[in-house]
Amino acid sequence: MRRQLQPRRALAFPYGYRYRLDNQDEVNQHYVADEEEEAEEARVMMVPDLEEEEEEEEEKEEEEKDQPTINTWWWKLQIVNEYLWDLEKRMSLARTGVTLVIYFFFYASLAAVINLCMYTLFLTICPYMLTITEMVKPPGVMIRPFTHSLNFNFNVSEPDTWQHYVINLNDFLQGYNDSLQKEINVDCTPGQYFIQDGNEDEDKKACQFKRSFLKNCSGLGPAFGYFTGQRCILLKMNRMVGICPELGNPVKVSCKVQRGNENNIQSISYYPESASFDLRYYPYYSKLIHVNYTSMLAAMHFTDVVKNAVPVQCQLKGKGIINDGINNCFVGKVIFTLNIET
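Scope of this entry: the structure provided in the associated data block. Going along each chain's sequence as written, the residues are numbered from 1 onward. Given that this is a predicted model, residues contribute local features only at a pLDDT of at least 70 and side-chain atom pairs are listed and counted only at 80 or more, while totals for whole chains, interfaces and linings are drawn from all residues. Excluding hydrogens and water, the side-chain values take into account all heavy atoms of the structure.

### Looking at the pairing of strand β9 (residues 333-341)
At least two DSSP bridges between two strands are needed for those strands to be called paired. Under the DSSP-based scheme used, a helix requires at least four consecutive residues in state H or I and a strand at least two consecutive residues in state E, with every element numbered from the N terminus. The pairing of strand β2 (residues 151-155) with β9 spans five bridges and is parallel. Pairing of Phe-154 across the sheet is with Ile-340, part of β9. Across six bridges, strand β8 (residues 310-317) lies against β9 in antiparallel orientation. Following the sheet pairing, Gln-315 is matched in β9 by Lys-333.

### Some words on the nonpolar core
Among buried residues, the Ala, Val, Leu, Ile, Met, Phe, Trp, Tyr and Cys ones that are joined through side-chain atoms within 4.5 Å form a nonpolar core. Burial classes follow relative accessibility: with a 1.4 Å probe on protein chains only, a residue under 20% of its type's maximum area counts as buried, one over 50% as exposed, and anything between as partly exposed. Counting residues in hydrophobic clusters, the biggest one holds 54 residues, and the most contacted among them are Phe-277 and Phe-336. Any two residues whose heavy atoms approach within 4.5 Å at even a single point are treated as in contact. Residues in contact with Phe-277, not counting those within four places in the same chain, are Leu-235, Met-237, Pro-250, Val-251, Val-253, Tyr-282, Met-296, Leu-297, Ala-298 and Leu-316.

### Description of the sheet that holds strand β1 (residues 141-144)
The strand order across the open sheet formed by four strands is β1-β3-β7-β5, and the pairing between neighbours is antiparallel. One side of each edge strand has no neighbouring strand; the edge strands of this open sheet are β1 and β5 (265-271). Recorded for the sheet is a direction-independent mean angle of 25° between the axes of neighbouring strands. Sheet topology note: the β5/strand β7 (residues 297-305) ladder contains six bridges and is antiparallel. Within the sheet, the bridge partner assigned to Ile-265 lies in β7 and is Val-305. Seen against the sheet, helix α4 (residues 163-172) touches β1, β3 (232-237) and β7 and runs at an angle of roughly 40° to β3. In this description, a line fitted to the C-alpha atoms serves as the axis of each element, helices being fitted only across the stretch in contact, and the angle between N-to-C directions of two axes falls anywhere from 0 to 180 degrees.

### Remarks on the pattern of salt bridges
Side-chain pairs of opposite charge can arise where the charged atoms are in close proximity. We count a salt bridge whenever a side-chain nitrogen from Lys or Arg sits within 4 Å of a carboxyl oxygen from Asp or Glu. Counted under the stated rule, the structure contains two salt bridges. Across the pair Glu-273 and Lys-215 runs a salt bridge whose closest N-O atoms are separated by 2.3 Å. Taken together, the positions of Glu-273 in the loop between β5 and β6 (276-277) and Lys-215 in the loop between α5 (178-184) and β3 put the pair 58 residues apart, joining distant regions of the chain. The class of Lys-215 is partly exposed, set by a relative accessible area of 45%.

Distances and angles like these do not, on their own, reveal function.
This is the structure:
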């Protein structure tokens, strides 16, 4: 026989146990409801707070816009002042007084040691010893009147274009006036070295170089030839301490056209007539003891220049003289341009 299936019955719970479950469900429902209410209240309370903060920020921005901008330099100055002297901390340079005193004595002692070393070094140096600048053997030359570009441009019929050259030459030759040279220097024998013996610290005498030696280019007569277009150029050789021309032959000056037709310059007169620096002005004993020494001059008088804008080169010639260097255009030679209009 087929077994008959009995329907299953629900589990039977005690009455008290079911009551406890129902009460727990109610408690859970009440707890969830309370949490939802609290979250809603917090959300409601946060919204006004955020709105208040936004309103405060907008008010601050409006106030900042209304206020004038702060001067940046003044603010930086205040920072510097506080760094130099802080009243609250009573510190200077971010250091206390004791630290500053230590720094002061340290650097003062360091400076004293350096000065003592330098003083001791200078005591060992003879003031009459030749320096590097005074030992330069190749002589340098320069011309007068002074011009920045070494271009002499003027119009004979317009005195304003050449008057400044005349003034410059007159000012330069004031130290060569005959009366002054007779007063401070001695008359020496031409063609002989003026060698002076004695102690190294003894003052040396200097030979006269009178302005009248330059004759037509002395400026004592016409205005150095500029008003006729026959201009004078003075050449000065730099001093060389203790140097004498070799073999007793004086250094001479020679001028010519640097490039182009040599016939553009028809005639040049030299003063002194020998176109040389006489031996009586050698040797030179340094500026310290040869106080009244007057540098030698040579004058070139361009009496006949055919063409305008003529480049001229004047060279020193003598034994041991370097005049062909390419690195320095003023060693043993000088180049200038004559551009004269009539």
